[in-house]
Amino acid sequence: MAQQQQQQHADQPHPGQGTHNSEATSRLCVKNIPKHLTEQRLKEHFSVNGHVTDVKILKTRDGQSRQMAFVGYCSVKDATHAIKYFQNTYIDTSKINIEYARRYKGWTAQPTAVNETAEPAAAAQATDKEHRPWSKYSVGSSKHQTLLAKQQAAESAATAAASDAKAARKAAKSAAKA
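Residues numbered from 1 in each chain as written. Predicted model: local features only at pLDDT ≥ 70, side-chain atom pairs only at ≥ 80, totals over all residues. Heavy atoms only, no water.

Caption draft 1: Summary view of the sheet that holds strand β1 (residues 27-31). Taken in spatial order, the 4 strands make up an open sheet running β2-β3-β1-β6, and their pairing is antiparallel. Each edge of the sheet is formed by a strand with only one pairing partner; in this case those strands are β2 (52-59) and β6 (97-100). For this sheet the average axis-to-axis angle between neighbouring strands, irrespective of direction, equals 20°. Across 4 bridges, the pairing between β1 and β6 is antiparallel. Counterpart to Cys29 in the pairing with β6 is Glu99. (Pairing = 2+ DSSP bridges. Helix = DSSP H or I, 4+ residues; strand = E, 2+ residues; numbered from the N terminus. Axes fitted to C-alpha atoms, helices over the stretch in contact; angles between N-to-C directions.)

Take a look at the structure:
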């Protein structure tokens, strides 16, 4: 009996994977949210388990909630932890279901006006829009590169300040000895 239960548990998908084949991403799809929920409240709710970068509640043309949202995290690790923590929990009286966001199969890049006589670089740039990262924390975005450059500059400034402090202490010791 216990062996049969273990086999049934092993056949069930892991949290956030559902029945489809999706890869882990830092963006989550949250289903069955309450209709009255705001993006600010949803962000506060999911911020308990990591740094939330953005929240988007899907709405109909007339502004009604579709009871589905996307929540972006800073890292895949935070997103995975959030799935394990929030899967099959409740927001107000709605039991939410969470999975990794996946690319829509029929999705293609928006057509851009590229002149046929334009250089191949312009055509390549138009097709690059298809693979554009969605968040400033995603690798490959220009904002991500800027954040990394700022972090590296801050680290180098800190090490330079630390080495300057060591040099000043050595100079003070040698001056004290003389």
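Caption draft 2: Representation of unusual backbone geometry within the structure. The phi dihedral of Asn32 falls on the positive side, at around 70°, and the residue is not glycine. Mapping Asn32 onto the fold places it in the loop between β1 and α2 (39-46). With a relative accessible area of 35%, Asn32 lands in the partly exposed category. One non-glycine residue, Gln67, adopts positive backbone phi at about 60°. Here Gln67 shows up in strand β3 (residues 65-73). (Buried < 20%, exposed > 50% of the residue type's maximum accessible area, 1.4 Å probe, protein only.)

Caption draft 3: How the structure looks around the side chain of Ser65. For Ser65, the position within the fold is in strand β3. By relative accessible area, which is 11% here, Ser65 ends up buried. Within polar-contact distance, the side chain of Ser65 engages the backbone nitrogen of Gln67 at 3.0 Å. The contacts of Ser65, once residues within four sequence positions are left out, are Ile33, Pro34, Lys35, Ile57, Leu58 and Lys59. (Polar contact = N/O pair within 3.5 Å; in protein donor to acceptor, adjacent residues only side chain to side chain. Contact = heavy atoms within 4.5 Å.)

Caption draft 4: The arrangement of the pairing of β2 in detail. Across 6 bridges, β2 lies against β3 in antiparallel orientation. Within β3, the position partnered with Val52 by the bridge is Tyr73. In textbook terms, the turn of a hairpin is the stretch between consecutive antiparallel strands, and for β2 and β3 this stretch comprises 5 residues, one of which, Gly63, has a positive phi near 90°.

Caption draft 5: Molecular detail of the environment of Met68. Its place among the elements puts Met68 in strand β3. Met68 sits 29 residues away from Asn97 along the chain, and the two C-alpha atoms are 9.5 Å apart. Filtering out sequence-adjacent residues up to four positions away, Met68 remains in contact with Cys29, Val30, Lys31, Ile33, Lys56, Ile57 and Leu58.

So, to be careful, I would describe these as geometric facts and stop short of saying anything about function.
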